[in-house]
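# Architecture at a glance
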Protein chains: 2
Amino acid sequence: MENTLKVQIWSDVMCPFCYIGKRRIEGALANFKHKDNVEIEWKSFQLDASFKASPDDNIVDHLAVKYGKNKAWAQEMVDNMTQNAKNSGLDFHFEKAILANSHNAHRLLHLAKAHKLGNELKEQLLKAYLTDGKNVDDLETLSTLGQQVGLEKETVEEVLHSDAYSDEVKNDIAMAQQIGVQGVPFFVFDNKYAISGAQPEEVFLQTLETTWKEGNFTSKVTLVNTTEGDSCGIEGCN
Amino acid sequence: MENTLKVQIWSDVMCPFCYIGKRRIEGALANFKHKDNVEIEWKSFQLDASFKASPDDNIVDHLAVKYGKNKAWAQEMVDNMTQNAKNSGLDFHFEKAILANSHNAHRLLHLAKAHKLGNELKEQLLKAYLTDGKNVDDLETLSTLGQQVGLEKETVEEVLHSDAYSDEVKNDIAMAQQIGVQGVPFFVFDNKYAISGAQPEEVFLQTLETTWKEGNFTSKVTLVNTTEGDSCGIEGCN
């Protein structure tokens, strides 16, 4: 009976390094002997929970204003990130990116998690924002993405047109604050070790190895009492 | 961030000591300081997976035949068990008990688990068989019990009128064999310690304390790298 090594990942749909970090840990997992016993749990984080997008926003202008710099500076930042993503096999298109609040995307992600489709939807949400230039706060877009990963249309729309899973999103963010998360992606291994940021694959692999070695993932259970208590077996109760 | 101490309990609906064991661990939990961080997971076990009941079966005759003894002997065994149950505040009525195969009950229990209603349904199933003299292999009875704990009628009936969750039942039983379970109830704490049988409350409490002390339930996460990796925070990505 091997046990599951749980990796919790706080991240935001709006976070380029979160997509890169996803590829890095996937790369590490591909080289991890016990990868079938690793469970990834996506936790919600919002870089800016109060963010309200307007239709005219584009990311270069947004960054220039936010940091009080000029457009050329912002464009260079975006180009560097695009190159960084390319090194991880990702195709970022910031020129198409639609700035949006990610609250609804996170709510949908919690629904997907409940159906063991969290990994699949997380991938689709990051791709939608960073590669495909889709509006991930648009309920129809979210509904389509949800159905693409295998969620039922009716369930998805019921969730999107309500405030379902809002508490789960808030709880995740509160938990991140509690453990001192300053930025995302933020990875927690077996509630024990944490990695902040999209670090190199080897760092993830090493941490997986250490966590596995120190944890209780392969152990057999230990019978506490050698004398058996009252129980029922195939031959009756005694 | 406190973590969850998971207690897995293999048991059968048809097992009197399982109901008594349930009360014993509940008693221990009531005195356990970290009880809010304990999660109970009910695992399926069948004392006799091939059992086919006939309408004329009664438990005293059944036990007498099974053990090649007379009815008086079987009646005494049943009376002792009833007294034992009474000491745990349980009201057993073997004279009303309807012998039945528990496969469908276990399938329904897996549905309930998926909706975080496992504890509630487990209680209702044990009560139905051991106290109320209900046929827990009867699909209508099961449907009513499922709805009583809060499952939706449509979902319950879809599961009951299919072979949904059969694999989960089989997997639980296979896992029990793998870890050497001979009888139920069988309790596994944090995949580490096991208790066989409905032992005294103090044994459960002690094991909870030991598991908690040795486990990683209150620890803070440890940052692996002091240098932060690439990440996005409220102030942007870097």
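Residues numbered from 1 in each chain as written. Chains lettered and ligands numbered in written order. Predicted model: local features only at pLDDT ≥ 70, side-chain atom pairs only at ≥ 80, totals over all residues. Heavy atoms only, no water.

Our next topic: the domain arrangement of chain A. Many authors give the size of an interface as the accessible area that is lost as the parts come together. Residues and elements named next belong to chain A. In terms of domains, chain A is made up of domain 1 (1-52 + 101-238) and domain 2 (54-97). With centres defined by C-alpha atoms, the gap from domain 1 to domain 2 works out at 27 Å. Facing the 13 residues of domain 1 at the interface are 15 residues of domain 2. In total, about 1200 Å² of surface goes out of reach between domain 1 and domain 2, with carbon and sulfur atoms giving 65% of it. If you sort the residues of domain 1 by the area they bury against domain 2, Ile20, Leu130 and Thr131 come out on top, with a joint share of 36%. (Domains from an automatic or database assignment. Contact = heavy atoms within 4.5 Å. Buried area = accessible area lost by both parts, 1.4 Å probe.)

Turning to unusual backbone geometry, a few remarks are in order. The omega angle of the peptide bond from valine 184 of chain A to proline 185 of chain A is 5°, so this bond is cis rather than trans. With respect to the helices and strands, proline 185 of chain A occurs in the loop between strand E3 (183-184) and strand E4 (186-189). Even without a glycine there, the phi angle at aspartate 190 of chain A is positive, about 50°. Tracing the backbone shows aspartate 190 of chain A in the loop between E4 and strand E5 (193-196). At tyrosine 165 of chain B, a residue that is not glycine, the phi angle is positive and equals roughly 70°. Structurally, tyrosine 165 of chain B is set in the loop between helix H7 (153-160) and helix H8 (166-178). With a relative accessible area of 22%, tyrosine 165 of chain B lands in the partly exposed category. (Helix = DSSP H or I, 4+ residues; strand = E, 2+ residues; numbered from the N terminus. Buried < 20%, exposed > 50% of the residue type's maximum accessible area, 1.4 Å probe, protein only.)

As a further point, take the side chain of serine 166 of chain B. All names here are of chain B. Its location among the elements puts serine 166 in helix H8. Taking the relative accessible area as the measure of exposure, serine 166 reaches 9% and is therefore buried. Setting aside residues no more than four positions away along its own chain, serine 166 makes contact with His103 and Arg107.

Turning next to the packing of helix H4 (residues 103-114) of chain B against helix H6 (residues 139-148) of chain B. Residue and element names in this part refer to chain B. Closest axis-to-axis distance for the H4/H6 pair is 11 Å, and the angle between their directions is 25°. If you check the angle between H4 and H6, you find them roughly parallel. The two elements H4 and H6 meet at a crossing, and its hand is right-handed. Facing Asn104, Ala105 and Leu108 of H4, the residues of H6 in contact are Leu139, Leu142 and Gly146. Tallied by class, residues from the contact of H4 with H6 come to four nonpolar, two polar and no charged. (Axes fitted to C-alpha atoms, helices over the stretch in contact; angles between N-to-C directions. Parallel < 35°, antiparallel > 145°, perpendicular 65-115°, else oblique. Left-handed = near helix turned anticlockwise from the far one by under 90°. Nonpolar A, V, L, I, M, F, W, Y, C, P; charged D, E, K, R; others polar.)

Pairing in this open sheet of five strands is mixed, and the strands run E2(A)-E1(A)-E4(A)-E5(A)-E6(B) from one edge to the other. Each edge of the open sheet carries a strand with a single partner, namely strand E2 (38-44) of chain A together with strand E6 (222-223) of chain B. Sheet analysis places E5 of chain A next to E6 of chain B, joined by two bridges and oriented parallel. By the bridge assignment, tyrosine 193 of chain A is partnered in E6 of chain B with threonine 222 of chain B. (Pairing = 2+ DSSP bridges.)

It is worth spelling out the pattern of salt bridges at this point. Within this structure, the stated rule accounts for 22 salt bridges over all chains. Between aspartate 172 of chain A and lysine 43 of chain A there is a salt bridge, with the nearest N and O atoms lying 3.5 Å from each other. Placement of the pair is aspartate 172 of chain A in helix H8 (residues 166-178) and lysine 43 of chain A in strand E2, with a sequence separation of 129 residues. Relative accessible area serves as the criterion here: at 7%, lysine 43 of chain A is assigned to the buried category. Across the pair glutamate 41 of chain B and lysine 113 of chain B runs a salt bridge whose closest N-O atoms are separated by 3.0 Å. Here glutamate 41 of chain B is found in strand E2 (residues 38-44), whereas its partner lysine 113 of chain B is found in helix H4, with 72 residues between them in sequence. (Salt bridge = Lys/Arg side-chain N within 4 Å of Asp/Glu carboxyl O.)

This paragraph deals with the pairing of strand E5 (residues 193-196) of chain B. All names here are of chain B. Side chains Tyr193 and Ile195 project from E5 onto one buried face, and the interleaved Ala194 and Ser196 project onto a second face that is buried too. Sheet analysis places strand E4 (residues 186-189) next to E5, joined by four bridges and oriented antiparallel. Its bridge partner being in E5, phenylalanine 187 is matched across the sheet by isoleucine 195. Connecting the antiparallel pair E4 and E5 is a turn made up of three residues, with aspartate 190 showing a positive phi of about 50°.

Taken together, Glu152, Glu154 and Glu158 of chain A together with Glu152, Glu154 and Glu158 of chain B make up a surface patch of like negative charges. Elements with a minimum of two residues in the negative patch: helix H7 (153-160) of chain A together with H7 of chain B. Relative to the assigned elements, glutamate 158 of chain A resides in helix H7. (Patch = residues over 30% accessible without salt bridge, like charges linked within 9 Å, V, L, I, M, F, W, Y side chains within 5 Å. Areas by Shrake-Rupley, 256 points an atom, 1.4 Å probe, with all protein chains shown as cover. Lys, Arg positive; Asp, Glu negative; His and termini not counted. Charge placed at Lys NZ, Arg CZ, Asp CG, Glu CD.)

Okay, the side chain of threonine 207 of chain B next. Looking at the secondary structure, you find threonine 207 of chain B in helix H9 (residues 201-214). At 2.7 Å, the side chain of threonine 207 of chain B and the backbone oxygen of valine 203 of chain B are in polar contact. (Polar contact = N/O pair within 3.5 Å; in protein donor to acceptor, adjacent residues only side chain to side chain.)

For the rest of this paragraph, the subject is the packing of aromatic side chains. In the structure shown here, the tally under the stated rule is twelve aromatic pairs over all chains. With a centroid separation of 4.6 Å and 65° between ring planes, the pair formed by phenylalanine 187 of chain A and phenylalanine 204 of chain A is classed as edge-to-face. Placement of phenylalanine 187 of chain A in strand E4 and of phenylalanine 204 of chain A in helix H9 (residues 201-214) is noted, with a sequence separation of 17 residues between them. Assessed through its relative accessible area of 1%, phenylalanine 187 of chain A is described here as buried. Ring geometry for phenylalanine 32 of chain B versus tryptophan 212 of chain B: centroids 6.0 Å apart, planes at 80°, classification edge-to-face. Pair noted here: phenylalanine 32 of chain B is in the loop between helix H1 (16-30) and E2 and tryptophan 212 of chain B is in helix H9, with a separation of 180 residues, a long-range link. When sorted by exposure, phenylalanine 32 of chain B lands in the same class as tryptophan 212 of chain B, which is buried. Taken together, the ring pairs in this structure connect Tyr19, Phe92 and Phe94 of chain A into an aromatic cluster. (Phe/Tyr/Trp six-rings, centres within 6.5 Å; stacked < 30°, edge-to-face > 60°.)

Here the focus is the relation of the copies chain A and chain B. Relating one copy of the chain to the other requires a rotation about an axis plus a shift along that axis. Once turned by 180° and shifted 0.1 Å along the axis, chain A lies on chain B with an RMSD of 0.1 Å. Both chain copies can therefore be described as sitting about a two-fold axis. No C-alpha of chain A lies nearer the rotation axis than that of alanine 114 of chain A, which sits 4.3 Å from it. A share of 98% of interface residues in chain A that are also interface residues in chain B marks the association as one of identical surfaces. (Least-squares fit on C-alpha atoms with pLDDT ≥ 70 in both.)

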